[in-house]
Every structure is written in structure tokens, then in C-alpha cells.
Amino acid sequence: MNLYLLMEGRRGEAKVYPAWLASLDRPYTRLMKLSDVDPRGSRSFYPFSAEGYPSIVGHHLKNAVADVVNTPRFDWLVVCLDVDESSVEARIAEVEAVATSHGLDSSSVRLFVCPQDRCLESWVLGNSKIIGAAPPPYLNELLSFYDVRASCPEKMGHPRSWANHAQFHFHYAREAFKAKRLTYSKSNPGEVATASYHEALKARMARDANCMPSLRRFLEFVEAV
């Protein structure tokens, strides 16, 4: 299967998704140009990074639909974006409506929407190993608000002092990495963009069938097609 992968983030997702797709049991090969796609049953993906939300839906999705319609060797258009303060269902419906309005239904290309609930950092926090046995005080404060080791990070709210979920989840992930003397940022996801981190997230979901349903949905899709 050939995937056209449209991602909300400009830098972080552009490193994380390719690393995870390359580490599957049946890995995907990254395409550098649209013209590189092979129609003969290959397993590949072409990544394109948008400029955040709402431009991913308001601008880049239209261009992505045009790309896959004009390059019919793609099988799927995959759109990955944060849920933020919306909901999984609303994000899916929004992308489906815009893709349809730009003519995707007139092609043979199918659409899969991957809502990151609440954001990529919510998934990042699913790796319990990023928090050591003796967390420093600043991390203990976050754990006392919500312990991501024991509860699903996708379900974590945010303190009233924070404007939204995504900002707080990013802060939590960055502090967890700092406590282990590692770096995590929007432009440099570090260890997250590795096969070992991907495997750690899969192991967490294997232990807890109710953990990170939006990530589970994405991984089940890319492993099945």
C-alpha cells in the first residue's frame, strides 16, 4: 500500500512518524518525491508537514487531495492532526467533510484520519520508562496531578492555570525527559523518533487494552493495510 501522509506538525511529527513506520514488522519505505511512488504493490509513504492547525485543514488538505488525485498510484490519504480542545469524532468529521468538498470521493484513494488525542505529546507520555523510580520534585508535582504511568495519558486534563490540554501535555513530556537528562522539543523529539520508543508504546498498550485508543487505532491501521 502507498500512503500519502499529511501531518499537522512542521518538525516533530516529520521525524516521529517516519521512524515509527520504518520500525513496523512490515516496514514502510519513505518516498522523497511524489513521482517515486510505485504502483506494483509497494509499501511506501510520502510525508508532508503542514503548518499546524487550522492551516492543515484550511489549506494543505486541499493540496494533498490534488496530489493524490493527480497521482493515482496512492492508495490512502492519511491525515494526522491534534484533537486539542475538540474531540476525536469532530476532527474526523471535519477532515472528511473538507476532503470530500475538494473531490477526494471522485478518486479511488481512500481517507484515514488519525486524530492525536489530545496531541502527539499525549502519546509520548505513554512510555512509562521515561519516568524513573525517584522523580525529582518538579516531576512529582505533575505526577500528583495525573500519574501517566498508571492512567491513560490521552485522558489527562490540565490544571486551570494552563490554557489548554496540548500546552500542558507538552510541558509534562518535556519535564519527564528533563528528569532523565534527555531533550524533548517540538523541533527535536529525540528518543521518541526511534524504534525502541515505538516498541515501548506498543508494550504499554499490550499491558492495558484501554490505554491510548487513538494511537492504537493508528497503529492497527498501518499494520493492517
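A. Quick look at the environment of V78. With respect to the helices and strands, V78 occurs in strand β4 (residues 76–82). Residues contacting V78, with those up to four places away along its chain left out, are L3, Y4, L5, L6, F112, F218 and F221.

B. Up close: the packing of helix α5 (residues 137–145) against helix α6 (residues 165–179). Put simply, α5 and α6 touch, their axes get as near as 10 Å, and they point 135 degrees apart. Viewed along their axes, α5 and α6 adopt a mutual orientation that is oblique. Once α5 is placed against α6, the crossing between them reads as left-handed. Counted together, Y138, L139, L142, L143 and F145 of α5 and F168, H171, Y172, E175, A176, K178 and A179 of α6 form the full contact between these two elements. Residues of the contact of α5 with α6, tallied by class, amount to 9 nonpolar, 1 polar and 2 charged.

C. Region of the structure containing the sheet that holds strand β5 (residues 110–116). The strand order across the open sheet formed by 5 strands is β2-β3-β1-β4-β5, and the pairing between neighbours is parallel. In this open sheet, the two strands that pair with only one neighbour each are β2 (29–30) and β5. As defined by bridge partners, β2 adjoins strand β3 (residues 44–49) across 2 bridges and the pair is classed as parallel. Looking at the pairing, R30 lines up with F45 of β3. Contacting β1 (2–7), β2, β3, β4 and β5, helix α1 (residues 12–22) runs over the sheet at an angle of about 155 degrees to β1.

D. A look at the environment of F218. Within the secondary structure, F218 is located in helix α8 (residues 213–224). Of the residues examined, F218 reaches a relative accessible area of 2% and is grouped as buried. In this structure, the C-alpha to C-alpha distance between F218 and Q116, residues 102 residues apart in sequence, is 9.1 Å. Leave out the neighbours within four places in its chain, and F218 touches Y17, L21, V78, C80, F112 and C114.

E. Highlighting the pattern of salt bridges. A complete count under the given rule lists 9 salt bridges for this structure. Across the pair R10 and E51 runs a salt bridge, and its minimum N-O distance is 3.7 Å. Here E51 lies in the loop between β3 and α2 (55–70) and R10 lies in the loop between β1 and α1, a separation of 41 residues in the sequence. Exposure remark for R10: the relative accessible area of 46% places this residue in the partly exposed category.

F. Structural context of the nonpolar core. Formed by 49 residues in total, the largest nonpolar core has its most connected members in V78, Y172, F218 and V222. Apart from the residues lying within four places of it in its own chain, the contact partners of Y172 are L125, L139, L142, L143, Y146, D147, V148 and M156. Y46, V57, V65 and V68 belong to the second-largest nonpolar core, a separate cluster that totals 25 residues.

G. Molecular detail of α8. The terminal C-alpha atoms of α8, which comprises 12 residues, lie 16 Å apart, in line with the 16 Å expected from a rise of 1.5 Å per residue. Within α8 the residues assigned to the buried category are S214, L215, F218, L219, F221 and V222. End-on view of α8: buried residues confined to an arc of 155 degrees, all on one side of the axis. If you follow the buried residues of α8, they end up packed against β1, α1, β4, β5, α4 (120–124) and α7 (195–207).

What counts and what doesn't
- Every chain begins its residue count from 1, and numbering advances along the sequence as written.
- Totals for whole chains, interfaces and linings use all residues, but because this is a predicted model, local features are given only for residues with pLDDT of at least 70 and pairs of side-chain atoms are given and counted only at 80 or more.
- As a rule here, side-chain values come from all non-hydrogen atoms in the structure, and water together with hydrogens is ignored.
- Strands are runs of DSSP state E lasting at least 2 residues, helices are runs of H or I lasting at least 4, and numbering of each runs from the N terminus.
- Here, two residues are considered to be in contact whenever any of their heavy atoms come within 4.5 Å of each other.
- Lines fitted to the C-alpha atoms define the axes, with helices restricted to the stretch that makes contact. Angles between their N-to-C directions range from 0 to 180 degrees.
- What sets the label is the angle itself: under 35 degrees gives roughly parallel, over 145 gives roughly antiparallel, 65 to 115 gives roughly perpendicular, and the rest give oblique.
- Note on convention: near helix rotated counterclockwise from far helix by under a right angle means a left-handed crossing. Clockwise means right-handed.
- Gly is put with the polar residues, along with every residue not named as nonpolar or charged; the nonpolar set is Ala, Val, Leu, Ile, Met, Phe, Trp, Tyr, Cys and Pro, and the charged set is Asp, Glu, Lys and Arg.
- Any two strands with at least two DSSP bridges between them are considered paired.
- Using a 1.4 Å probe on the protein chains alone, a residue whose accessible area is under 20% of its type maximum counts as buried, one over 50% counts as exposed, and one in between counts as partly exposed.
- Between Lys or Arg on one side and Asp or Glu on the other, a salt bridge is scored when a side-chain nitrogen of the former is within 4 Å of a carboxyl oxygen of the latter.
- Nonpolar cores were defined as sets of buried Ala, Val, Leu, Ile, Met, Phe, Trp, Tyr and Cys residues, with membership established by side-chain atoms within 4.5 Å.
- Here a helix's expected span is defined as the number of its residues, less one, multiplied by 1.5 Å.
- Summarising the geometry, the arc corresponds to the directions from the helix axis toward the C-beta atoms.

Such coordinate-based values are descriptive only and should not be taken to indicate function.
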